[in-house]
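# What the coordinates show
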Amino acid sequence: MNDPLIVTRAVHFAATLSVAGTVFFQVFIAAPALRSGGGDAALSRNIRRQLASIAWIALVLCVISGGAWLVITTQVMSGVDLSNVFSEDVLGTVLLQTGFGQDWIARFGLVVLLAIMFVPLLSPRQPRLAWIDVAVVALAAALAGSLAWAGHAVGAEGIEGVVHPAADFVHLVAAAAWVGTLLPLALLLAASGHDGASVAIARTATMRFSTFGVGSVAMLMITGSINTWYLAGSVPALTETTYGRLLLVKIALFLVMVAVAAFNRLHLTPRLVRGAGSASTVGTLQRLRRNATVEVAIGAVIIAIVAALGTNPPGFEAIVHAHHYH
Ligand code: HEM
């Protein structure tokens, strides 16, 4: 983890998934939940302000880490010193003449459009307009999904050349929809008080998050399996290469997250919905918040592993190499 490229990729992935996840949370979870709270203006303003802070901070981090990723990649591709990356025209060449650079330009455009759209979306006063929601959700999904073109999912021909990037696109959007919405959920649960309106908001948000989570987990499993099939593809590639072993750790952590989420969904969420007395409701909310924080932490480790995976030769390649030299 001390490789600057891996650290930069990890920060960029986390920031990107947070930008997209916070947008999804705002549109699909927080807005309906706040409406269900019966219009407590102060609480609603507080939650909206917190969501706006995460969205803006994540967007700024996305730009900074994206810039660093471009500079480091340019240096690695061209072999020039860091000081010469800017003086010679290597940066322009990488931007205009490589797939990574073109993807970078497109994604930079998406960030600029998102920043413009964040103004009305996140403003506490502005009336909500449906077209703004649709546009921001589409831009956020594109920002997360287009990371696929900066990794191992591109470069193949034929059917794989279409199916692999498409699956990775969906993988990234689903990752944002689950891991990227956990932090906003934890903050919303923390901001809610113990009064009736707060509990109603927390309850609606938890129920909607739960439904959202089931869909995302299913998509992650399907598209993650497609990624694994293309990039590892055999048991030895999973068990005998660094790439494969890292991937197995990632899948194990994913299963731990699913176990925590299943407990929340099957045990805590129904309790909250039944609302058996305020004392137990407060306890349930606290446990949900703690579990969401645990899931955020595991999600962060998964993202760090993915950041390393992308810089390692995929399992199938490593295994072919190993056999070649025996
Ligand atoms: C919490 C759940 C998960 C998160 C947050 C997550 C996140 C990610 C991210 C951000 C990428 C990078 C995409 C890219 O660079 O193009 C990725 C790639 C990948 N994921 Fe997942 N993923 C999750 C679950 C899974 C599961 C369950 C599997 C397997 C069944 C899986 C298998 C893969 C593989 C093989 C790759 C390709 C890595 C590479 O570029 O070499 N993921 N994932």
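Residues numbered from 1 in each chain as written. Predicted model: local features only at pLDDT ≥ 70, side-chain atom pairs only at ≥ 80, totals over all residues. Heavy atoms only, no water.

## Here's the deal with the overall build of the protein
Our working rule: Think of it this way: any DSSP run of H or I at least four residues long counts as a helix, any run of E at least two long counts as a strand, and we number them from the N terminus. Each radius of gyration reported is based on C-alpha atoms, and the globular scaling rule is 2.2 Å times the count of residues to the power 0.38. Relative accessible area decides the class of each residue, using a 1.4 Å probe on protein chains only: under 20% of the type maximum gives buried, over 50% gives exposed, and in between gives partly exposed. Areas reported as accessible are Shrake-Rupley estimates using a 1.4 Å probe. Residue values count occlusion only from the protein chains shown.
Secondary structure summary: the protein contains twelve helices and zero strands in total. Its helices and strands taken in sequence order, the protein reads α-α-α-α-α-α-α-α-α-α-α-α from the N to the C terminus. Relative to the globule expectation of 20 Å for 326 residues, the C-alpha radius of gyration of the protein, 21 Å, shows essentially globular dimensions. With the C-alpha coordinates of the protein rotated into their principal frame, the extents come out at 70 × 45 × 35 Å. Looking at the protein as a whole, 48% of its 326 residues qualify as buried. For the protein, the accessible area works out to roughly 15,100 Å², and carbon and sulfur atoms hold 69% of it.

## Section: the layout of surface pockets
Note the cut-off: Only protein atoms enter the 1 Å grid, on which a cavity is a set of points fitting a 1.4 Å probe that cannot get out and a pocket is an open set with protein on both sides within 12 Å along at least 5 of 7 lines, lining residues being those with an atom within 4 Å of a point. Grid points are joined across faces, edges and corners, and a volume is the space filled by probe spheres set on the points. Each residue gets one of three labels, nonpolar for Ala, Val, Leu, Ile, Met, Phe, Trp, Tyr, Cys and Pro, charged for Asp, Glu, Lys and Arg, and polar for the others, Gly among them.
Empty space within the largest pocket amounts to approximately 770 Å³. Along the walls of the largest pocket sit 36 residues, with Asp168, His171, Asn227, Lys250 and Val306 positioned nearest its centre. Of all the elements in the fold, those that place two or more residues in the lining of the largest pocket are helix H1 (4-36), helix H7 (158-191), helix H8 (196-231), helix H10 (242-274) and helix H11 (278-309). In the lining of the largest pocket, the residues fall into 23 nonpolar, ten polar and three charged.

## What about empty space enclosed by the protein?
Scanning all chains against the criterion turns up two cavities of 30 Å³ or more. Reported here for the largest cavity is a volume of approximately 140 Å³. Where the lining of the largest cavity is concerned, the elements lending two or more residues are helix H2 (41-78) and helix H5 (99-122). Broken down by element, the residue count for the lining of the largest cavity peaks at six residues, all from H5. Taken together, the residues of the lining of the largest cavity break down into nine nonpolar, three polar and two charged.

## A few points about the coordination of the iron atom of the ligand
The condition that has to hold: For Na, K and Ca the donor cutoff is 3.2 Å, while for all other metals N, O and S atoms must lie within 2.8 Å; water is not among the atoms, so some sites may look incomplete. The geometry test gives tetrahedral to four donors whose angles all lie between 85 and 135 degrees, gives square planar to four donors and octahedral to six donors whose opposite members are over 155 degrees apart with all other angles between 65 and 115, and gives irregular to the rest.
Looking at the metal site, the iron atom of the ligand is ligated by His171 (NE2) and Lys250 (NZ), spaced 1.7 to 2.0 Å from it. What the six donor atoms of the iron atom of the ligand show is an angle range of 84 to 178° at the metal, which sorts the shape as octahedral. Residue His171 is located in helix H7, and its partner Lys250 is located in helix H10; the two are separated by 79 residues in the primary sequence. Neither His171 nor Lys250 differs from the other in exposure class; each is buried.

## Things to note about the site of the ligand
Note the threshold: Proximity criterion: a residue is near a molecule or strand once any of its heavy atoms comes within 4 Å of it. A 3.5 Å cut-off defines polar contacts: any pair of N or O atoms within that distance qualifies, except that in protein one atom must be a possible hydrogen donor and the other a possible acceptor, and neighbouring residues in sequence count only when both atoms are side-chain atoms. Molecule-in-pocket calls rest on the fraction of atoms, with more than half required to lie within 2 Å of the cavity or pocket grid points.
By nearness alone, 24 residues border the ligand, and His152, Asp168, His171, Tyr243 and Lys250 come closest of all. His152 places a polar side-chain atom, nitrogen or oxygen, 2.6 Å from an oxygen atom of the ligand. Asp168 places a side-chain nitrogen or oxygen 2.4 Å from an oxygen atom of the ligand. Taking a 2 Å distance to the grid points as the criterion, the majority of the atoms of the ligand fall inside the largest pocket.

## So, a nonpolar patch on the surface
Filter applied, for reference: Residues forming no salt bridge and having over 30% relative accessible area are the ones grouped into patches, like charges within 9 Å of each other and nonpolar side chains (Val, Leu, Ile, Met, Phe, Trp, Tyr) within 5 Å. By definition, a salt bridge exists where a carboxyl oxygen of Asp or Glu is found within 4 Å of a side-chain nitrogen of Lys or Arg.
Together, Val63, Phe108, Val112, Leu113 and Ile116 make up an exposed nonpolar region whose accessible area comes to about 420 Å². Top element by residues in the nonpolar patch is H5. It accounts for four residues. Here Leu113 shows up in helix H5.

## Some points on H2
Using the following cut-off: In this scheme, a helix's expected span is set at 1.5 Å multiplied by one less than its residue total.
Along its 38 residues, H2 runs 55 Å from first to last C-alpha, staying within 8% of the 56 Å computed at 1.5 Å per residue. Two residues or fewer after H2 comes Gly79, characterised by a positive phi angle close to 75°.

## Looking at the packing of aromatic side chains
Formally: Pairing of aromatic rings covers Phe, Tyr and Trp, the last through its six-membered ring, and needs centres within 6.5 Å; plane angles under 30 degrees mean stacked, over 60 mean edge-to-face, and all others mean tilted.
What the rule picks out here adds up to seven aromatic pairs. Between Trp69 and Phe100, the aromatic rings sit 5.2 Å apart at their centres with planes inclined by 70°, giving edge-to-face as the arrangement. Remark: Phe100 occurs in helix H5 and Trp69 occurs in helix H2; sequence separation between them is 31 residues. Both residues of the pair, Trp69 and Phe100, count as buried. Consider the rings of Trp104 and Phe108, whose centres lie 5.3 Å apart with planes at 5°: the pair is stacked. Placement of the pair is Trp104 and Phe108 together in helix H5, with a separation of four residues, close to one helical turn.

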